[in-house]
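The residues making up each chain are set out below.
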Amino acid sequence: QVQLVESGGGLVQAGGSLRLSCAASGGTFDRYTMGWFRQAPGKEREFVAVIASWRGGLINYADSVKGRFTISRDNTKNTVTLQMNSLKPEDTAVYYCAASVSAWATMTRTDFGSWGQGTQVTVSS
């Protein structure tokens, strides 16, 4: 099972940017579909973005982040990145990196079997 470690969270003002990274180890990285989820206090964990292992890295985004967030992967470095621009206070949450053995750009939380420990993102108004 792949192990995942996120980094890059922090405190930023509204309108600012952050770049989250997730380093994977212990598995064949290019076979995993990689996703980002987030969980705000008192809310369920929700889908943010996904990049598939197959079909040229097909990508999906949650409607709430389209046009502001960009997911990418580097299979040579076993990393997946989430570039977050134009951040809003409602983006405040713990962000989790996740890996799925699905070959598709699934947005379903239960399709992801491996999770990182999470990194806090706080956007001040």
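Treat the numbers as computed from the prediction; the structure is a model and nothing was measured. (Residues numbered from 1 in each chain as written. Predicted model: local features only at pLDDT ≥ 70, side-chain atom pairs only at ≥ 80, totals over all residues. Heavy atoms only, no water.)

Re the nonpolar core
Here is step 1: Core analysis: the largest hydrophobic core is formed by 36 residues, its most contacted members being Met 34, Trp 36, Val 80, Leu 82, Met 84 and Tyr 95.
Here is step 2: Residue assignment for this core shows that the elements contributing at least two residues are strand 3 (18–25), strand 4 (33–39), strand 5 (46–51), strand 7 (69–74), strand 8 (79–84), strand 9 (93–100) and strand 11 (119–124).
Here is step 3: Excluding anything up to four places from it in sequence, Met 84 contacts Gly 16, Ser 17, Leu 18, Leu 20, Arg 68, Phe 69, Tyr 95 and Val 121. (Core = buried A, V, L, I, M, F, W, Y, C linked by side-chain atoms within 4.5 Å. Buried < 20%, exposed > 50% of the residue type's maximum accessible area, 1.4 Å probe, protein only. Helix = DSSP H or I, 4+ residues; strand = E, 2+ residues; numbered from the N terminus. Contact = heavy atoms within 4.5 Å.)

A few points about the sheet that holds strand 3
Whether parallel or antiparallel, the strands of a sheet pair through hydrogen bonds between backbone atoms.
Here is step 1: Spatially, four strands are ordered 1-3-8-7 in an open sheet, and the strand pairing comes out antiparallel. A strand with exactly one partner marks an edge of an open sheet, and here the two such strands are strand 1 (3–7) and strand 7. Taking each pair of neighbouring strands and ignoring which way they run, the sheet shows an average axis angle of 15°.
Here is step 2: Summarising the sheet, strand 3 and strand 8 pair through six bridges and their orientation is antiparallel. (Pairing = 2+ DSSP bridges. Axes fitted to C-alpha atoms, helices over the stretch in contact; angles between N-to-C directions.)

Section: the pairing of strand 9
Here is step 1: Here strand 9 lies mainly inside the structure; seven of its eight residues are buried.
Here is step 2: Pairing analysis gives seven bridges linking strand 4 to strand 9, with the strands arranged antiparallel. Opposite Trp 36, over in strand 9, you have Cys 97 as the bridge partner.
Here is step 3: Strand direction decides the pairing type here: strand 9 and strand 11, joined by three bridges, are antiparallel. Bridge pairing links Tyr 95 to Thr 119 in strand 11.
Here is step 4: Direction of pairing for strand 9 relative to strand 10 (residues 114–115): antiparallel, over a ladder of two bridges. Bridge pairing in strand 10 places Ala 98 opposite Trp 115.

Description of the environment of Met 84
Here is step 1: With respect to the helices, strands and loops of the structure, Met 84 is situated in strand 8.
Here is step 2: Here Met 84 falls in the buried class, since its relative accessible area comes to 0%.
Here is step 3: Taking the C-alpha atoms as reference points, Met 84 and Gln 1, separated by 83 residues in sequence, lie 28 Å from one another.

Here we look at the state of the cysteines
Here is step 1: Per the counting criterion, the structure on display carries one disulfide.
Here is step 2: Here Cys 22 connects covalently by a disulfide to Cys 97, the sulfurs 2.1 Å from one another. Taking the torsion about the S-S bond as the criterion, the Cys 22 to Cys 97 disulfide, at about -80°, is left-handed. Within this pair, whereas Cys 22 is found in strand 3, its partner Cys 97 is found in strand 9, the two being separated by 75 residues in sequence. For the pair Cys 22 and Cys 97, a shared accessibility class is recorded, and that class is buried. (Disulfide = S-S within 2.5 Å.)

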